[in-house]
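Topology and contacts: notes
Residues per chain are reported as follows:
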Amino acid sequence: IYKTDKAIELLSGLLSPEQFDEEVLNELADCHIQAGDIESAANTYSTLLMMNPESILYRIRMMNIAYRSKDYKASAEMGISIIRRDTIPAIVSLTADSFNMAEMPDSALAYYEMYMRQNPANPAVISKAAKIHLGRKEYAIVLNMAENYLQIDSTDMDIRGLQGLAYFQLEDFRKSEEVFQ
């Protein structure tokens, strides 16, 4: 059993207005997350980021907090600030997801495409991008994405389903039926 409340109390006691120990603040922020106090964790990471503005770790943690708090625009903005420093694939994907959740499909697609250039074999990301294209009635793009991925894994039912749906929308019922059989 974690005693996060006690740890928060002890770590807070080590801080003073004159002295901010980065290591203590980092531990305190982690304890706030474990305790479910996202607002305090965000405030602590914000302080840490002011102390160390180049820290990718603190930016990642702030991005995750924003995403968990459903502040998708803030999450996307933090993602962009991280990607300018390092194109970590998981951050590129989360940035795309953030834009997607914020209903900004053009930006979401740009980051999904960036991710797919880094890792073309991730069916979850391909599916998310393909669904945006389906919503835009860009069926040829969906088919191209599906066919490229299905060369890697022909058994992926989600990607096959998107392929079949795109054929159906194009009124190519024979190919759609072949995909779904």
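Quick summary incoming for the structure in this document. (Residues numbered from 1 in each chain as written. Predicted model: local features only at pLDDT ≥ 70, side-chain atom pairs only at ≥ 80, totals over all residues. Heavy atoms only, no water.)

Another aspect to go through is the packing of aromatic side chains. Taken as a whole, this structure holds four aromatic pairs when the rule is applied. Measuring from ring centre to ring centre gives 6.2 Å for Y45 and Y58, while their planes differ by 40 degrees; the resulting arrangement is tilted. With a gap of 13 residues between them, Y45 in helix α3 (residues 38-51) and Y58 in helix α4 (residues 56-68) connect regions that are remote in the sequence. When its relative accessible area of 0% is taken as the criterion, Y45 is described as buried. With a centroid separation of 5.2 Å and 65 degrees between ring planes, the pair formed by F168 and F173 is classed as edge-to-face. The class for F168 is partly exposed, based on a relative accessible area of 44%. A residue is classified by how much of its surface remains accessible, and F173, at 44% relative accessible area, is partly exposed. (Phe/Tyr/Trp six-rings, centres within 6.5 Å; stacked < 30°, edge-to-face > 60°. Helix = DSSP H or I, 4+ residues; strand = E, 2+ residues; numbered from the N terminus. Buried < 20%, exposed > 50% of the residue type's maximum accessible area, 1.4 Å probe, protein only.)

Distances and angles like these do not, on their own, reveal function.
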